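Inside the fold
The residues making up each chain are set out below.
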Amino acid sequence: MKMLSYWHDTAPVFAGAEAGPVEGRFDVAVIGAGFTGLNAARRLARAGVTVAVLEASHVGAGGSGRNGGHLNNGIAHGYADAVAHLGPERARALYHAYDRSIDMIAELIEEEGLSCDLRRAGKLKLASKPGHVAGLRANQELLAREVDPETRWLSKEALTGEIGSDAFHGAMLSEKSAMMHMGRYLHGLAEATQRHGARIWENAPVTGRSRSGTGWTLDTPRGQIKAERVIAATGAYSAQVPGAPLGHFRKRMIPMASFLIATRPLSPAEVAATLPGHRTCVTSRLIGNYFRLSPDNRLIFGGRARFSARSDQRSDAKSGRILRAAMTEIFPHLAGIQIDYCWGGLVGMTRDRFPRAGQADGMIYGMGYSGHGAQLSTLLGQVLADQAMGRTDTNPLEGMDWPAVPALNGKPWFLPLAGLWFRLKDRLT
């Protein structure tokens, strides 16, 4: 079993990073080479803006290369909850922003000639208990009436052609949702970004940021650059950078690990017995699971197996064993199957699980995706580029307050307690 991301292992390695020292003057510096940062840099470079991308590790090393491979439309919340929290206009705009981002990914793939197995699969939100049916069905009916007519309810009987398990009691089907090979998309996006003129430095963590005239000086172990504007696109990994450069975000975002396993490739008969509908799937428990088939027919199965802010080989392996047990509970016929990959990554959670984008602490930023970043990050990258070029009317999150989390400075000590609470609620509801 390989203790690394399937997406990393089965995609080409980006070979266009700068070999020399970090140096130069730029209009815009982008911190982070995931989906958000790369698309921001690509849009800027195409507009003739000089742009540098500084990545602490390698392209897609963070959440963009460690997720479940889903591009699910809609928002994480029940729509009624979103309306209550945001108001009807903003809730509707944010819902449609997720839709638009998936469309934008498809357009970008065609425009740049990328090959990454994009497919409009549709998503099933599966009712894990009979008591979950009424709430899910009410949410689907509200969505269909107010914001997304391309959703429908599937009864337990209708699921027989979708999923080879009797563990579920119905599902909401979201037709607009999609899936793709995240590693190949990352590689193609990085190559396109460089091709349009952006310079990308890997292994160049930003260790300092200071005022320099009207702009900024960014320090790295490989040298420094000067830029008029800075875009922060680091997500949960902001919390791993100590000190001042990203301190504003360390106090507002809760880094939480999520974990995945991938089986050996399934035979056609095993596919038919497991996920004949070939959709992305998410369960309705608070500590739930998400799964899909890979382009080579592996079952990629993930979840928040443990409430932890750590993802390393030991933590990933322990979580992988928990995930295998959960997978076997849903799909007993896969009990003895070989697991080829096990990995984890950090999710940047906000207190209310809504993302944030705007300007703060002298930087333009987009992050806090709360487990739904693969969908929205391409669009928010474009939004951040627009802001760097002076356009402020494209941000669906404009003006949303983002208060600090009390007693948080990068290390969420309270996660185990939260895990106990959610597990209790899962047993009782």
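The structure displayed is predicted, hence computed values, not measured ones. (Residues numbered from 1 in each chain as written. Predicted model: local features only at pLDDT ≥ 70, side-chain atom pairs only at ≥ 80, totals over all residues. Heavy atoms only, no water.)

**Overview of the packing of aromatic side chains**
- Summed over the entire model, instances satisfying the criterion amount to 10 aromatic pairs.
- Taken together, a centroid distance of 5.5 Å and an interplanar angle of 80 degrees make the contact between Y6 and Y341 edge-to-face. With Y6 in helix 1 (residues 6–9) and Y341 in strand 16 (residues 339–349), the pair connects residues that are 335 residues apart, well separated along the chain.
- Of the residues examined, Y341 reaches a relative accessible area of 5% and is grouped as buried.
- Seen in terms of ring centroids, F249 and Y365 are 5.2 Å apart; in terms of plane orientation they differ by 55 degrees. Their pairing is tilted. You can see F249 sitting in helix 7 (residues 247–250) and its partner Y365 sitting in strand 18 (residues 363–367), a full 116 residues away along the chain.
- According to the relative accessible area criterion, F249 is buried, its value standing at 0%.
- Assessed through its relative accessible area of 6%, Y365 is described here as buried.
- Taken together, the ring pairs connect Y6, W7 and Y341 into an aromatic cluster.
- The ring of W216 carries R209 above its face, with NZ or CZ at 4.4 Å from the centroid. (Phe/Tyr/Trp six-rings, centres within 6.5 Å; stacked < 30°, edge-to-face > 60°. Helix = DSSP H or I, 4+ residues; strand = E, 2+ residues; numbered from the N terminus. Buried < 20%, exposed > 50% of the residue type's maximum accessible area, 1.4 Å probe, protein only. Lys NZ or Arg CZ within 6 Å of the ring centre and 35° of its normal.)

**Points about the pairing of strand 10 (residues 215–220)**
- Of all the six residues making up strand 10, five are buried; the element is thus mostly covered by neighbouring parts of the structure.
- In the sheet, strand 9 (residues 208–212) pairs with strand 10 via five bridges, with the strands oriented antiparallel. Note that in strand 10 the partner of G208 across the bridge is D219.
- Between the antiparallel neighbours strand 9 and strand 10 lie two residues, among them G213 with a positive phi of about 65 degrees.
- Looking at chain direction, strand 10 and strand 11 (residues 223–232) are connected through five bridges and run antiparallel. Paired with T220 across the bridge in strand 11 is G223. (Pairing = 2+ DSSP bridges.)

**With respect to the environment of M367**
- Among the secondary structure elements, M367 is positioned in strand 18.
- Judged by its relative accessible area of 0%, M367 is buried.
- The sequence separation of M367 and R356 amounts to 11 residues, and the corresponding C-alpha distance is 5.7 Å.
- Contact partners of M367, with chain neighbours within four places excluded, come to A232, A233, T234, G235, S238, F249, M253, P355, R356 and W402. (Contact = heavy atoms within 4.5 Å.)

**Focus on the pattern of salt bridges**
- Summed over all chains, the structure comprises 22 salt bridges.
- Where R42 meets E112, a salt bridge forms, and the shortest distance between an N and an O atom there is 2.7 Å. One end of the pair, R42, is in helix 2 (residues 35–46); the other, E112, is in helix 4 (residues 88–112), and 70 residues separate them in sequence. The same class applies to R42 and to E112, which are both buried.
- Measuring nitrogen to oxygen at the nearest pair gives 2.8 Å for the salt bridge that ties R279 to E162. With R279 in the loop between helix 8 (268–274) and strand 13 (280–283) and E162 in the loop between strand 5 (151–155) and strand 6 (170–174), this pair connects stretches of sequence that are 117 residues apart. The two residues R279 and E162 agree in class, both being buried. (Salt bridge = Lys/Arg side-chain N within 4 Å of Asp/Glu carboxyl O.)

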